[in-house]
Amino acid sequence: MKSYFHYNSILLIFKSALLLFRSGIRDLRFIIIFILFYFALPTSLVFSRDIHVDPKSGDDSSNTGPVKTISRAIRIAMPGDTIHLKPIVYRDYAGFYGVKGEPGNPITLDGHGATLEGSEPLDPAQWQEVQPGLFRCGKLRSHMDLAILGRWFFLWDGKMNHMGRTSKGPSPPLKKPENLLPNEWTFVEDVKRKKPDSQKIYGDFYLKLSPGQKLSEANIFVPTRSAGVQFSGSKGKHNAHLVIRNLTATHPYNDGFNIHGHCEDVLFENIRAIECGDDGISAHETAQYRVDGFVSIGNSTGICDTGASITSYNRVFIRDCLGFDLYFLDTGRYSVTNSVVLSSAARTLHLTGRKKFDRPCSLTLDNVYIRRVTNENEVRVSKYSELDARRVTLLGVNFQATGGKVNLHNSIIAGVPANAKVPALYDYYAASAKPRGPLLPEILIWSDVQWFADDNIYNVSNLRFDKTSYTAKNFAEYQKQTKQDIHSRFVKTISNNDKSGADLKTLMKSAVPESDHHLMKSP
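Below is a summary of the structure that appears in this document.

Regarding the pattern of salt bridges
So, point 1. For the coordinates displayed, the defined rule picks out 14 salt bridges.
So, point 2. Across the pair Arg391 and Asp366 runs a salt bridge whose closest N-O atoms are separated by 2.9 Å. With Arg391 in strand β27 (residues 385-395) and Asp366 in strand β25 (residues 361-372), this pair connects stretches of sequence that are 25 residues apart.
So, point 3. Arg391 sits in the partly exposed class, given a relative accessible area of 36%.
So, point 4. Of the charged contacts in the structure, one is a salt bridge between Arg380 and Glu378, with a shortest N-O distance of 2.6 Å.
So, point 5. By relative accessible area, which is 14% here, Glu378 ends up buried.

Quick look at the sheet that holds strand β6 (residues 119-121)
So, point 1. What the four strands build is an open sheet, ordered β6-β13-β9-β10; its pairing is antiparallel. Looking at strand neighbours, the two that pair on one side only are β6 and β10 (159-161), the edges of this open sheet. Direction aside, the axes of adjacent strands within the sheet are offset by 35° on average.
So, point 2. Of the strand pairs in this sheet, strand β9 (residues 154-156) and strand β13 (residues 220-223) are connected by two bridges, and their pairing is antiparallel. By the bridge assignment, Trp156 is partnered in β13 with Ile220.

As for the nonpolar core
So, point 1. Core analysis: the biggest nonpolar cluster contains 80 residues, and Phe268, Tyr289, Phe399 and Tyr458 have the highest contact counts within it.
So, point 2. Membership of the second largest hydrophobic core comes to 27 residues, among which are Phe154, Phe205, Leu209 and Val222.

Digging into the side chain of Asn254
So, point 1. With respect to the secondary-structure elements, Asn254 resides in the loop between β15 (239-250) and β16 (255-259).
So, point 2. Given the relative accessible area of 15%, Asn254 is considered buried.

As for the packing of aromatic side chains
So, point 1. For the coordinates displayed, the defined rule picks out 21 aromatic pairs.
So, point 2. Here the aromatic cluster, defined as three or more aromatic residues joined through ring pairs, consists of Trp127, Trp152, Phe154, Trp185, Phe187, Phe205 and Tyr253.

Focus: the pairing of strand β24 (residues 347-352)
So, point 1. Alignment of strand β22 (residues 324-329) against β24, held across five bridges, turns out to be parallel. Along β24, the bridge assignment pairs Leu326 with Leu349.
So, point 2. Here β24 pairs with strand β26 (residues 377-381) via three bridges, running parallel. Its bridge partner lying in β26, His350 is registered against Arg380.

Rules used in this analysis
- Residues take numbers from 1 onward in each chain, read along the sequence in its written order.
- pLDDT decides what is reported in this predicted model: residues at 70 or higher carry local features, side-chain atom pairs at 80 or more are listed and counted, and totals for whole chains, interfaces and linings draw on all residues regardless.
- Where side-chain values are given, they derive from all heavy atoms of the structure, hydrogens and water being excluded.
- Salt bridge, as used here: a side-chain nitrogen of Lys or Arg that lies within 4 Å of a carboxyl oxygen of Asp or Glu.
- Strands are runs of DSSP state E lasting at least two residues, helices are runs of H or I lasting at least four, and both sets are numbered from the N terminus onward.
- Residue burial is assigned from relative accessible area. The probe radius is 1.4 Å, only protein chains are included, and a residue is buried under 20% of its type maximum, exposed over 50%, and partly exposed in between.
- Between any two strands, pairing holds if DSSP finds at least two bridges.
- Fitted lines through C-alpha atoms serve as axes, helices being fitted only where they are in contact, and the angles separating the N-to-C directions of these axes extend from 0 to 180 degrees.
- We define a nonpolar core as any set of buried Ala, Val, Leu, Ile, Met, Phe, Trp, Tyr and Cys residues linked to one another through side-chain atoms lying within 4.5 Å.
- Here is the rule: rings of Phe, Tyr and Trp (six-membered ring for Trp) pair when centre to centre is within 6.5 Å. Planes less than 30 degrees apart are stacked, more than 60 are edge-to-face, and the remainder are tilted.

Structure follows, in structure tokens:
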């Protein structure tokens, strides 16, 4: 379709030249200069256009729009074009496969508040009632494997039902069909149909309804799409010079924003990932992108970046995730700035490198506030990793470095009081509704860690460096022996006048949605 745009744009230029000729301008040199001038202009000034996507009135046979599907709009978009969605729910996804704008002249997808819904209503005709209230389906998906099953959920009357499982956290085995309670599901694999050297599995899904309830009235939705926004492509056929903004992805069985392959000069702006089966957003391979404004709620992982990707996140708000809040792996270079995490996942933040590679996994944190909401957990820096943290506040989470390099400056590590009300928003064990006591963290620095720290405030049970534990009483001894934290303080309480740590007032304005401001109050 690119030839269409070039053809029509060129035709427009020559029509304009013809009008000049008819209007009395007969100087051929002037007309030639006029044409050359148009070709010399940036394509955004000559060829850019607005492409609207309307799932009701759009026509995918159109080359100009409005078109019916997002995929059609992406296929016909040229550098400088903007794809416009309506502020409605689209049962669709945005797939970018080797799509390129130009430097300074990107292709833009503006959601204008649209939601990409990854689920579809359950079809009762696919299900057989094998016992009163127990339904079976063997053809729910054409492809199923253990990775998809580990992420799987049903939307039951608007609520996610994971059966207490998640993709990147401890997960109990699924129940047998006869042991299901109302509003529960399971999957039974048929191992006899398993093929050698294949990841594909076969079997049946089961649903259990309340006595007397009809399947057609149960209001159950099935996640049918793998992502809300998906990238794929290797170098040469990669995605580049793109802007994606003002968009929500919800209820895919995998990631909200699934970024695979190589991409560069990509900006995500004011995006949200809500209740996705795996990661809110995830970079893989050699992806390179920036995020400015991201809300991640109810996903298995808030952010999970891997491979040799290079990513930066600014103005992030994460809460109610299940497996990890933040997870960074391999040899990538990552940064998170001006962000807030209300942590209730099985693991708060992990940084993990790879032994066989020269480049460590590196993460920069600046002006980041992390507060543990549920039970005890930790920030962990592993071998072959580097953490550079400044103006960071860690409340109610342990800090453990088992290897690698840590720079910690102008930060706070402190406890949080007891929390009598811990809402269990999702059916996962980390989201416990039981009251918990106060969380007074500890700092554990292993012997082979390169530890550089100063101007910090510690309100912790102890700081253990190698085999020696330090408290407020012998903190000066730690400072003398390690020559670190020379200007740091070990305190009993945190003062609002302390200048270390994240700037919470600024974060409330820039990162925390107004609807979540009430959650920022300390218990």
